[in-house]
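For reference, the chains in residue letters:
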Amino acid sequence: MNPNIIETINITRQAAWLPWAVQYFFLIGISVTAVFLTLPAFLGGNAKYEKIGRLALLTAVSCAIAAMIALVADLHQPGRFWHFYTHFTSWSWMSRGAFLLPFFLVLVVIYAWLVYRADLGRLARQPGTMLAPLYKALALGDKPERWMVRPVAFLTLLSACSIALYTGMEVMVVKARPLWHTPFLPWMYLFTGLVGATGVCLLLNRVIGGNDRGVERGLNRFLLIALGLLMVNGVLWLASGLSGVSAPAHRALLSMSGNVQWLTVAVWAGLSAIVLFVIAWLKPEGTGVITGLIAVHSAWMFRWTVFINGQMLPKMGSGLYPYHFPVGPEGLLGIIGTFGLWVLIIAALTAFLPWDGRVEASGAASH
Amino acid sequence: MEKSRREFLKDVGKLTAGAVTAVAVKPAVAGPQRHGGDAKHRWAMALDLRKCIGCQACTVSCSMENQPPIGQFRTIVSQYEVKNVDKPGKPVDFFMLPRLCNHCDNPPCIPVCPVQATYQQEDGVVLINNEICVGCGYCVQACPYDARFINEETQTADKCTFCYHRVSVGLLPACVESCVGGARVFGDVRNPNSEISKLLDEFDVKVLRPEMNTHPHNFYIGMDGRFEGKVQGEPPVWDIRNAAGKELEEL
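Given the structure is predicted, the values throughout are model-derived calculations rather than measurements.

Re the overall build of chain A
- Along its length, chain A carries 13 helices and one strand.
- Moving toward the C terminus, one meets the helices and strands of chain A in the order β-α-α-α-α-α-α-α-α-α-α-α-α-α.
- Scaling as 2.2 N^0.38, a compact globule of 367 residues should have a C-alpha radius of gyration of about 21 Å, and chain A matches this with 22 Å.
- Its C-alpha atoms put chain A at 85 × 55 × 35 Å along the principal axes.
- When contacts within chain A are restricted to residue pairs at least 6 apart in sequence, those whose partners lie at least 24 apart make up 76%.

Some details on the overall build of chain B
- From N to C terminus, chain B includes seven helices and ten strands.
- Residue pairs at least 24 apart in sequence account for 59% of intrachain contacts in chain B once pairs closer than 6 positions are excluded.

Comments concerning the domain arrangement of chain A
Residue and element names in this part refer to chain A.
- Taken domain by domain, chain A consists of domain 1 (16-173 + 347-367) and domain 2 (178-323).
- Put simply, the middle of domain 1 and the middle of domain 2, counted by C-alpha atoms, are 25 Å apart.
- Taken together, the 25 residues of domain 1 in the interface contact 30 residues of domain 2.
- Among the elements that line the side of domain 1 that touches domain 2, the one with the most residues is helix α1 (residues 19-42), at eleven residues.
- Here the side of domain 1 that touches domain 2 is composed, by residue class, of 18 nonpolar, six polar and one charged.

Things to note about the interface of chain A and chain B
- Across the contact, 44 residues belong to chain A and 48 residues belong to chain B.
- Elements that contribute at least two residues to the side of chain A that touches chain B include exactly β1 (2-9), α3 (83-86) and α4 (93-125) of chain A.
- When residues in the side of chain A that touches chain B are grouped by element, the largest group, eight residues, is from β1(A).
- In the side of chain A that touches chain B, the residues fall into 20 nonpolar, 18 polar and six charged.

Some words on the confidence of the model for chain B
- Overall, the predicted model of chain B reaches an average pLDDT of 89, with 87% of residues at or above 70.
- The ipTM value of the predicted complex is 0.92, and its pTM value is 0.91.

What about the packing of helix α7 (residues 184-207) of chain A against helix α8 (residues 213-242) of chain A?
Residues and elements named next belong to chain A.
- Interhelical geometry of α7 versus α8 gives an angle of 160° and a closest axis separation of 9 Å. Overall, the two elements α7 and α8 adopt an arrangement that is roughly antiparallel. Of the two elements, α7 crosses α8, and the hand of that crossing is left-handed.
- Looking at the contact of α7 with α8 residue by residue, the class counts come to 18 nonpolar, five polar and one charged.

Brief notes about the sheet that holds strand β10 (residues 233-234) of chain B
- With mixed pairing, four strands are arranged side by side in an open sheet as β3(B)-β2(B)-β1(A)-β10(B). Of all the strands in the sheet, just β3 (93-99) and β10 of chain B have a single pairing partner and so form its edges.
- Across seven bridges, the pairing between strand β2 (residues 76-82) of chain B and β3(B) is antiparallel. Counted as the bridge partner of B:Val77 is B:Pro98 from β3(B).

Some thoughts on the packing of helix α2 (residues 50-74) of chain A against α4(A)
Residue and element names in this part refer to chain A.
- Remark: α2 packs on α4, axes separated minimally by 10 Å, with the N-to-C direction vectors making an angle of 150°. Between α2 and α4, the interaxial angle falls into the category roughly antiparallel. In the crossing of α2 with α4, the sense of the turn from one axis to the other is left-handed. Mapping the contact onto sequence places Leu57, Ala60, Val61, Ala64 and Met68 in α2 and Phe104, Leu105, Val108, Val109, Ala112 and Val115 in α4.
- Of the residues in the contact of α2 with α4, the class split is eleven nonpolar, no polar and no charged.

Re helix α2 (residues 57-66) of chain B
Residue and element names in this part refer to chain B.
- When α2 is considered as a whole, its buried residues turn out to be Cys58, Thr59, Cys62 and Ser63. Taken down its axis, α2 places every buried residue within 130° of arc, on the same side.
- Buried residues along α2 sit against β2, β3, α6 (174-178) and β8 (184-188).
- Positioned one or two residues after α2, Gln67 has a phi angle of 50°, which is positive.

Digging into unusual backbone geometry
Residue and element names in this part refer to chain B.
- If you check the backbone angles, Asp146 has positive phi at about 55° while not being a glycine.
- One can find Asp146 in the loop between α4 (138-142) and β6 (149-150).
- We classify Asp146 as partly exposed; it has 19 C-beta atoms within 10 Å.
- Despite not being glycine, Cys163 has its phi angle at roughly 50°, a positive value.
- By the secondary structure assignment, Cys163 is in the loop between β7 (157-158) and α5 (164-167).

Focus: helix α10 (residues 260-282) of chain A
Residues and elements named next belong to chain A.
- Relative to the 33 Å expected for 23 residues at 1.5 Å per residue, α10 spans 32 Å between its end C-alpha atoms, a close match to the ideal helical length.
- Inspection of α10 places Ala273, Leu276 and Ala280 among the buried residues, and these make up the whole buried set.
- Packing partners of the buried residues in α10 comprise α8 and α11 (288-311).

Definitions and limits used
Residues numbered from 1 in each chain as written. Chains lettered and ligands numbered in written order. Predicted model: local features only at pLDDT ≥ 70, side-chain atom pairs only at ≥ 80, totals over all residues. Helix = DSSP H or I, 4+ residues; strand = E, 2+ residues; numbered from the N terminus. Rg over C-alpha atoms; globule rule 2.2 N^0.38 Å. Contact = placed C-beta atoms within 7 Å. Domains from an automatic or database assignment. Nonpolar A, V, L, I, M, F, W, Y, C, P; charged D, E, K, R; others polar. pLDDT = per-residue confidence, 0-100. Axes fitted to C-alpha atoms, helices over the stretch in contact; angles between N-to-C directions. Parallel < 35°, antiparallel > 145°, perpendicular 65-115°, else oblique. Left-handed = near helix turned anticlockwise from the far one by under 90°. Pairing = 2+ DSSP bridges. Buried ≥ 20, exposed ≤ 12 C-beta atoms within 10 Å, placed from the backbone. Arc of directions from axis to C-beta. Expected span 1.5 Å × (residues − 1).

Printed below as a string of structure tokens:
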């Protein structure tokens, strides 16, 4: 800051990407990386990871559905979303995303259906099940083969990678925002997504997964890997800015330097990562709720900081644009609403679907 | 048989050559194409900072003409108080900087638009079809000048159009028409006899953020290097109320 220049008159620009965008990038990041967590069980065929795989699959499906709603809501003209499909623009990452995203959603749903299919069949045969005809129809046949799970898991993996790529590139190509215009950012999304997805699985394990200690230990161990990757990438990003190796990172640091708000966020993020790492490392059992909550909070905070705080940095003017957090649909209500929707989806899915594969035990009498 | 095979091969050869030429002629990577307007002109603006007194007549006339919602602006004159470090006794100087869309030759806002709602005309003017715009805000992010915003009333992207509705019927943009000091000069840089062309020949003009390679078409006369990019100065006072909501007595 140059004390010899004082900006006396200027205008503010309001954030064009609302908290809905934070919600979208948060949920889709978790959905994409949750797909990765399903792979040891359903692509690798390792039964040891079946429980984690099922928790992750539930996370992937529920977050993907909620993410779509948040994305449409972030448009200022949500009723015009169909313009994406009538005006395809091959050179715009957002347009590419509009085509990649439905594929991902459909694939995740098919993937989950294939995993649940055999159990749906068993549910249909259980005596006294009112929804038996529905389950029978959903199972599509009496003897569902499980061999299709593996190829579909692979296709979903490819689709998940395409979503990680498009969401990362969409933000990275914005040269006008030095905080976004860096190859470190897509990796930050991926690794914070992994941290968040592991966190959601840890919480689901505690709330609906029967608090399985093995699952908790496994997920906490996985959290260490995700956090390790995240911290290495974060430190490299910071170093590239401090040393001036990366011009955008350097400019981004310059525009935040001396600002208490940014310093607080940086210290907060760093401390969260370290505390999370230490707990997950030293006490991987009995801490699932704490590590889960910190992990989810970290993934969310990262996106909030990059999008909302990032948009408070003027491109031409001095200082920061003021941001007044709206309490209505464009702010608090939108955030609560998206999380409410996600809880509702989880409740609906777990109430009616054999997501945990425990049908056989309860329905043993019918065999 | 022998002959027909040779002929067949010849035809295949011709066909392949044709296909190769067709591919070579077509642009390798698809991108936004300019459409509309007349390529005979290239509209641009010169802003003579020596003449700008910061009266905001341009800001007001733009708002009267284009009716953006209250509190949202297509153009503004940023003002800076600059201490004279070389001559400590001298009173501070004021620097006036009119800002508006730069109608860049390489506009970063256009390739990001996912529905091709924003486009550039053959005459260089960057416009938005707000019946196609989905209000995704991607162009707002991509503009390095903070020239774009989401219009609160239309809920679509908005910005300066060089008053295209006026220019296309032979009138000047509202801000140019109302500029009391004649600091804003609008015209066709493809016409060597236009006033703007003469100014560009005469003066060492500067553009904002040249390092972004956007090739802006607002040319500033009398620009100080400290104001070309993001201004590293003390920020303005945004709030006239304190945290408790009480109005501040003295600013």
